[in-house]
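Read off the chains here:
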Amino acid sequence: GRIVIATHNAGKLREMQELMAPFGVSAVSAGDLNLPEPEETGMTFAENAALKAHAAAKAADLPALADDSGICVAALDGAPGIFSARWAGSGKDFAHAMRRVEEELARRGATSAEERRAHFVSALVVAWPDGHEELFEGRVFGTLVWPPRGDRGFGYDPMFQPDGHERTFGEMASDEKHGWGHGEGLSHRARAFSRLAAACLRKDTG
Ligand code: ITT
C-alpha cells in the first residue's frame, strides 16, 4: 500500500520515514506531492494532527499519516506546546525559539531543577479518504538544559535531556533518540509509533 506522510518539516519527515521503515509501506511526502499546508487551527495536538491528516488524505486520495508535536514546559504552563513551531518564527529559527524558552523561565524566576521539567508530545493521526481516522500519542519526560548541546536532530532537541540519559536529543544519533530495542522506544514520536504498531498487530490477529 501507499501512504502520504503529511508533513512539510524535513527533520520530522526523516524520523517518520525511519520509524515506518520496518513496516515496508511505500510512503510519499506531502511536500513531494505539492500538497498545501493546512492552517493549524486546533486547540490540541490531536486536533491539529487530524486536520493535517484529513487534508492530505482528501487531496491525495490516499491514506495519510500526520504528526503534530511540540514541547511542553510545566513552569511555563505548558508553553510552547502546540505553538512550538510558531515560537521559531517564519525564519524557523530554533536557536531563537530555545532562547525564548530560556528567557521565559528566567523572567518567571524558574531556576530550580524541578522548574526545568518538560515533555515532548507526538500525536499521530492516520486518516483515510473516506474520513475514518485513528489517533496514537506518545510522550517523553525530561529536563531542559542551558546552553543547548549537540547539533543532531531538529527543533528543540539540543535543549532536551530525556530522563535516565546523560545526552540531550541533540547529541543522540537517531537510533538512540528512537530508542529502538528498548520496549516502547524513547522519543515521543517512537512511542506513538509503537502504539500504532501494536494496534495494527491487534487488528491482524483479531
Ligand atoms: P508539519 O506541521 O508540516 O508537520 P511543523 O514543524 O509545523 O511541520 P508541528 O506543527 O507539529 O510541525 O510543530 C512541531 C514543532 O515542535 C517542530 O517544529 C519542532 O520545533 C518541535 N518538535 C516536535 N518534535 C520534535 C522533536 O522530536 N525534536 C525536537 N523538536 C520537536
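The structure under discussion appears in the preceding block.
Residues numbered from 1 in each chain as written. Predicted model: local features only at pLDDT ≥ 70, side-chain atom pairs only at ≥ 80, totals over all residues. Heavy atoms only, no water.

Some words on the packing of helix α1 (residues 10–20) against helix α5 (residues 188–205)
Stated formally: Helix axes use the C-alpha atoms of the stretch in contact, all axes being lines fitted to C-alpha atoms, and the angles between their N-to-C directions lie in the range 0 to 180 degrees. Put simply, DSSP marks the helices as runs of H or I at least four residues long and the strands as runs of E at least two long, and each gets a number from the N terminus on. When the near helix sits turned anticlockwise from the far one by under a right angle, the crossing is termed left-handed; a clockwise turn instead gives a right-handed crossing. Between two residues, a contact is recorded if the distance between any of their heavy atoms is within 4.5 Å. Lys, Arg, Asp and Glu make up the charged group, whereas Ala, Val, Leu, Ile, Met, Phe, Trp, Tyr, Cys and Pro make up the nonpolar group; the residues left over, Gly among them, are polar.
Packing of α1 against α5 leaves a shortest axis separation of 11 Å and a crossing angle of 40 degrees. Like other packed secondary-structure pairs, α1 and α5 cross with a definite hand, here right-handed. Between α1 and α5, the residues in contact are Lys12, Glu15, Met16, Leu19 and Met20 and Arg189, Ala190 and Phe193, respectively. Taken together, the residues of the contact of α1 with α5 sort by class into five nonpolar, no polar and three charged.

Some details on the side chain of Ser122
To be explicit about the condition: Definition of a polar contact: a pair of N or O atoms within 3.5 Å, with one able to donate and the other able to accept a hydrogen when the atoms are protein atoms, and with sequence-neighbouring residues admitted only if both atoms are side-chain atoms.
Mapped onto the elements of the fold, Ser122 is located in strand β4 (residues 117–127). Of note is the side chain of Ser122, whose polar atom sits 2.8 Å from the side chain of Asp67. Those residues in contact with Ser122 that sit more than four places away from it in its chain are Asp67, Asp68, Ser69, Phe136, Glu137, Gly138, His188, Arg189 and Ala192.

As for the sheet that holds β4
Here is the rule we go by: Two strands pair if DSSP finds at least two bridges between them.
Within the open sheet, the six strands sit side by side as β2-β1-β3-β4-β5-β6. Their pairing is mixed. Each edge of the open sheet carries a strand with a single partner, namely β2 (26–29) and β6 (160–162). On average, each strand axis in the sheet is inclined to that of its neighbour by 35 degrees, with strand direction left out of account. As judged from the 11 bridges shared by β4 and strand β5 (residues 133–144), these two strands associate in the antiparallel manner. Its bridge partner being in β5, Leu124 is matched across the sheet by Phe136.

A short note on the pairing of β2
Here is the rule we go by: A clockwise course of the path from the first strand over the helix to the second, judged with the strands pointing away from the viewer, identifies a crossover as right-handed.
With four bridges joining them, strand β1 (residues 2–5) and β2 adopt parallel strand pairing. Residue pairing in the sheet places Val4 in a bridge with Val28 of β2. Considered for its hand, the β-α-β crossover made up of β1, α1 and β2 is right-handed.

Topic: the pattern of salt bridges
As a reminder, the rule being used: For salt bridges, the criterion is a side-chain nitrogen of Lys or Arg within 4 Å of an Asp or Glu carboxyl oxygen. Burial classes follow relative accessibility: with a 1.4 Å probe on protein chains only, a residue under 20% of its type's maximum area counts as buried, one over 50% as exposed, and anything between as partly exposed.
Applying the stated criterion across every chain, the model contains 16 salt bridges. The closest approach of N and O atoms between Asp67 and Arg189, which form a salt bridge, is 2.9 Å. Of this pair, Asp67 sits in strand β3 (residues 64–73) while Arg189 sits in helix α5, and the two are 122 residues apart along the sequence. Each member of the pair, Asp67 as well as Arg189, is classed as buried. Salt-bridge contacts for Asp77 lead to Arg108; the nearest nitrogen and oxygen are separated by 3.0 Å. Note that Asp77 is positioned in the loop between β3 and α3 (94–107) and Arg108 in the loop between α3 and β4, a separation of 31 residues in sequence. Residue Asp77 is classed as exposed on the basis of its relative accessible area of 67%. Judged by its relative accessible area of 41%, Arg108 is partly exposed.

Thoughts on the layout of surface pockets
As a reminder, the rule being used: Think of a 1 Å grid over the protein atoms and nothing else: a 1.4 Å probe that fits but is trapped marks a cavity, an open set flanked by protein within 12 Å on at least five of seven lines marks a pocket, and residues with an atom within 4 Å of a point count as lining. Grid points are joined across faces, edges and corners, and a volume is the space filled by probe spheres set on the points.
Empty space within the largest pocket amounts to approximately 850 Å³. Taken together, 36 residues form the lining of the largest pocket, with Asn9, Lys12, Glu40, Lys52 and Ala85 sitting closest to its centre. For the lining of the largest pocket, the elements supplying multiple residues, two or more each, are α1, α2 (45–60), β3 and α5. Tallying contributions element by element places α2 first for the lining of the largest pocket, with four residues. Looking at the lining of the largest pocket residue by residue, the classes come out as 15 nonpolar, 10 polar and 11 charged. For the second largest pocket, the calculated volume is near 360 Å³. Surrounding the second largest pocket, 17 residues form its lining, Ile3, Val126, Trp128, Leu196 and Cys200 being those nearest its centre. Secondary-structure elements contributing two or more residues to the lining of the second largest pocket are β1, β5 and α5. Ranked by residue count, the leading element in the lining of the second largest pocket is α5, at five residues. A class-by-class count of the residues in the lining of the second largest pocket yields 13 nonpolar, one polar and three charged.

Let's talk about the pairing of β1
Of the pairings in the sheet, the one linking β1 to β3 comprises two bridges and is parallel in character. Within β3, the position partnered with Val4 by the bridge is Ala64.

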